[in-house]
Structure formats: C-alpha cells, structure tokens
Amino acid sequence: MKSYAIERELVHAPSVLDDFPSPLPSTSSIVVVGVGYVGLPLAILAASKKYRAIGFDIDEAKISRLTKRDANYITDEEQELLRKQDNISFTSREDDIWHASAYIICVPTPVKADHTPDLEPLKNASRIVGRHLSRGSLVVIESTVNPGACEDVALPILESESGLEAESDFYFAHCPERVNPGDVKWNVRTIPRVIGAIGEESLAQAIALYQNLLDAPLQAMPSIKEAEAVKMVENAFRDINIAFVNELAMSFDRAGIDLLSVIEGASSKPFAFMPHIPGCGVGGHCIPVDPYYLIRYGEKNGFEHRFLLTARLTNQKMPKYAVRRLSHALRQKKRLLRGSTVALLGLAYKKDIPDHRESPALEIEKELRAKGARVRTFDPFVPKLSSEGTLEDALQGADVAVIATDHTFFRALTPENFTRAGVDIIIDGRNCLDKKAFQESGVTYRGIGR
Ligand code: SAJ
C-alpha cells in the first residue's frame, strides 16, 4: 500500500461513517475502550465533535467517578468540556457497547517485572470489542505496541470473537496515541497522528473518522506494522538521548564540568543537535517501557538491541546515582547517610502532573531507606504518597534534601527555604534550582551533571 500524507481535504472515503459528524442517528456511536489519560480526552473530543461517545472501562470505580464528571487526570479545558457534554456516557457494562460504528482501544500496554510486554489488557479489550462489534464497524487500536501486536495478537481475537473478517466485514486500523500528559499546547485534538490499516478500505474508514475528530494532519502509513513502529521509535529515540546526557553527567561530575552549560552551548548550533537534560532517572508509562517492547521484538526476530538496552540500563541507574551524589556530599562533611534525615521533594515522574508511575523518586526513596536514612516525602501533586503535608513539614528537622521532580513549585525555591530549616546539602535531581544562588548561600549544592 502506498504511503502518502493525508491533508484534510484530500480524502473522500465512501464510508459507513459518512453520516458522521452528527447530529448522528442513534445507531452511530463511538466506544472508547479504556478511559485513562489517553482514552478519556479522546471520548470527550468525540462528544465535542457531536458523536455519541461511550467511555467503557473495566474499572467500575473509575466509571462511577466519570459518571459524576469527576476526573483529575485531564486538563482543565477537557474537564470543562466533560461537564458540558451531554452526549457522552460511561459504563463498565458490556451490554452498553453493542454495535457501535467505531471502537477505539486505549488500554495500557505495560511491561512485566522481567520487562517483557504485558498485552493482557489489549487481549481483554479485543475480546470485549470482538463480542460486540458488527458488520461495518471500525476498530482502531491507539495503545502503544510493538510491530506485529495489532495483527498477531488483537486481530485474531477480534475475528474469532465476532466471527467476522477484517477488511471485508469490519475495518481495522492502528493510530498510536501521542498524548503528552500535562501539555496544554499539544493535546489529543492538535497532535499530528499516523494511521496504518489492514487494507485500503480500513485505512479510508479510519482516516475519515480521525479527520472528523482531529484538527491535525494525518500521515497514512504503508501498513499497521509501520504505524506501530513509529511510536516505538519516537519513544526509544527519547530514551537513548536521555541516556546519552545521563552518561555524560556521570562522567562530567568527576571532571567538574557543568554539563547543563555544555548542553546550552551545543544548543546554539541551529541544526543537528536536540537538547535533553540529565536527571535522577526516567519515569512514566512510555519512555522507560516502550524500548523494552522493541528490545523483546528484536529478540523474537533474532536481533539483539544492545544499544537500546544499554540506554535503558544507564537511565535505570540514575536514581542510585543521585543517592551516591548525596552520600559523597555528606562524606565530604564527615557525615553519613545512615541516620540522616532526608527531605525527598517530588514523587511524580514529571513536572506539574500527579502521575507517579515508574517514578525515579520512588526508586530514590527505596534506596535512601536501604542505606539507613530517615526519609520524609513531599509532593503537592501526589499528597496520598507524601508523608508530609507541606514543604515546611518536610524540611523542618531534615539534614539534607533531594529534589526528584521539577515541579514549578520547587523550581521557585530559594536557599533560604532550606537554610532556615537547617538543611545544608541539596541534591538537585532535576537540575531545576538556581545553582549559583545556592552555591553563594553556602549550601552544598549538587546537581546531576552539574
Ligand atoms: N526526562 C529526562 N530528561 C529529558 C526529558 C525527560 O530525564 O530531557 C525524564 C523525565 O523527567 C521523566 C521521563 O524522562 O521522568 C519521561 O519524560 P517525558 O518528558 O518523555 O514524559 P512522558 O513519559 O510523558 O513522554 C511523553 C511521550 N509522549 C508519548 O508517548 C505520546 C513522549 O513521546 C514525549 O516525547 C514526551 O511526552 C514529551 O515530549 O514531553
């Protein structure tokens, strides 16, 4: 199938979806399976485009909260839209999702403890959709998967559960999600997308739907596998670039070179350099996970992704590196980490969001405790995991502090916030504080790579 970029006006796909957008006859609906940080904005977007949107999830507690329009993991704009839309409903009952015109699967694709892909959520979602789709339905998988997962794992389940055949009876495509949690500029409506499908008709159907849903360019891929590979490559690219600066950080810390200023200098080159920032680790549900999907996929094809794995191992050692920076700073003052009280500031994996999945901060906390330190945690975005309710509570009586998340709130901290509490060593795990101000205050400041 040829690969071509689709501009909005170029595709006139004869489609069962032709009567989209609404006002839709009651039979036309879009079921989003999995209403987490990816699926919920998509369901809200569909409703805002006048589709009849049904958010389905197996988590009944989540469905009950969403039915009350209670969702704290979407932007304020999306929350406002959710409250306003009356053509969106939420359910965990399969009886509510029969014969939809389109099913969009947005379930998690994590890795297991041994870093192998866990496709159980995808398989389960495929079984649920397969049992309820009908002739002419469109099924799109947005979950991030390695090449081959849509056609070799999800599709056989969809066909066996429905008794229908893809392309001839129902339409099947992959449009990998590109949600960037916390980003208000690039959101589900505006982020460009790629789409791969099982055949020409499926591709046309999927493009017709996403053209109605999005206000963003669509890139049609030659196949589903290439569409799956796009997302994997995007995120592995980010992981290896972060690993590059993290390795440089560990080297330059020994040489007393400020890597942040080196990166700033390299960024003056107007081409062929993309800055990344060293830090205390790589968290979230995408960047530390997706490379393993590629690594395992390579293994299945008899190829060893040594470079991807080395990058993963480099990033995975950064939480312990941050603790070593602290131990070293204490030793220089003839003090020990064991028995010290450490204020760990930040638990989320990324700034200004509440998500703490795969967060390096939790690794740092574990390592500090393993080394015999007393740990007090504070993250205004993650109150449930914080042992202290305020910054002052966390700092009062602490000997040292570690910044593990560059929340805007923490970026604004000054040396006085710490010195007045008696804290005299700061490990800035996100290189987000004003290094010069801290050094001039007499506080021992250590960044990661500076
Ligand atoms: N991180 C660094 N140094 C960097 C950038 C990030 O240490 O230079 C760390 C962050 O602190 C965090 C982790 O890596 O712990 C992941 O950060 P992220 O900014 O990549 O955030 P994610 O996980 O939300 O990544 C998403 C991804 N989006 C999708 O998968 C659709 C990713 O592709 C985006 O590049 C990223 O957002 C983004 O650009 O913000």
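Our subject is the structure that appears above.
Residues numbered from 1 in each chain as written. Predicted model: local features only at pLDDT ≥ 70, side-chain atom pairs only at ≥ 80, totals over all residues. Heavy atoms only, no water.

The subject of this paragraph is the packing of aromatic side chains. Overall, the coordinates contain 5 aromatic pairs when judged by the stated rule. Between F378 and F409 the ring centres are 6.2 Å apart and the planes differ by 75°, which places this aromatic pair in the edge-to-face class. Highlighted residues: F378 in strand 11 (residues 374-378) and F409 in helix 14 (residues 408-411), separated in sequence by 31 residues. Given a relative accessible area of 6%, F378 falls into the buried group. Put simply, the rings of F378, F409 and F410 touch in pairs and so form one group of aromatic residues. (Phe/Tyr/Trp six-rings, centres within 6.5 Å; stacked < 30°, edge-to-face > 60°. Helix = DSSP H or I, 4+ residues; strand = E, 2+ residues; numbered from the N terminus. Buried < 20%, exposed > 50% of the residue type's maximum accessible area, 1.4 Å probe, protein only.)

Helix length check: helix 4 (residues 120-132) (13 residues) gives 19 Å between terminal C-alpha atoms against 18 Å at 1.5 Å per residue, within 8%. If you check which residues of helix 4 are buried, you get L122, A125, S126, I128, V129, G130 and H132. (Expected span 1.5 Å × (residues − 1).)

Now for the side chain of H285. Its place among the elements puts H285 in the loop between helix 8 (259-266) and helix 9 (290-300). What H285 contacts, discounting residues up to four positions off in sequence, is Y37, P181, D290, Y349, D355 and R357. (Contact = heavy atoms within 4.5 Å.)

As a further point, take the pairing of strand 3 (residues 52-56). Most of strand 3 sits out of view: 4 of its 5 residues are buried. Here strand 2 (residues 29-33) pairs with strand 3 via 5 bridges, running parallel. Each bridged residue has a counterpart across the sheet, and for V32 the counterpart in strand 3 is G55. A crossover links strand 2 with its parallel partner strand 3, the connecting element being helix 1 (residues 39-48), and its sense is right-handed. Here strand 3 pairs with strand 4 (residues 88-91) via 4 bridges, running parallel. Looking at the pairing, F56 lines up with T91 of strand 4. (Pairing = 2+ DSSP bridges. Right-handed = clockwise from strand over helix to strand, strands pointing away.)

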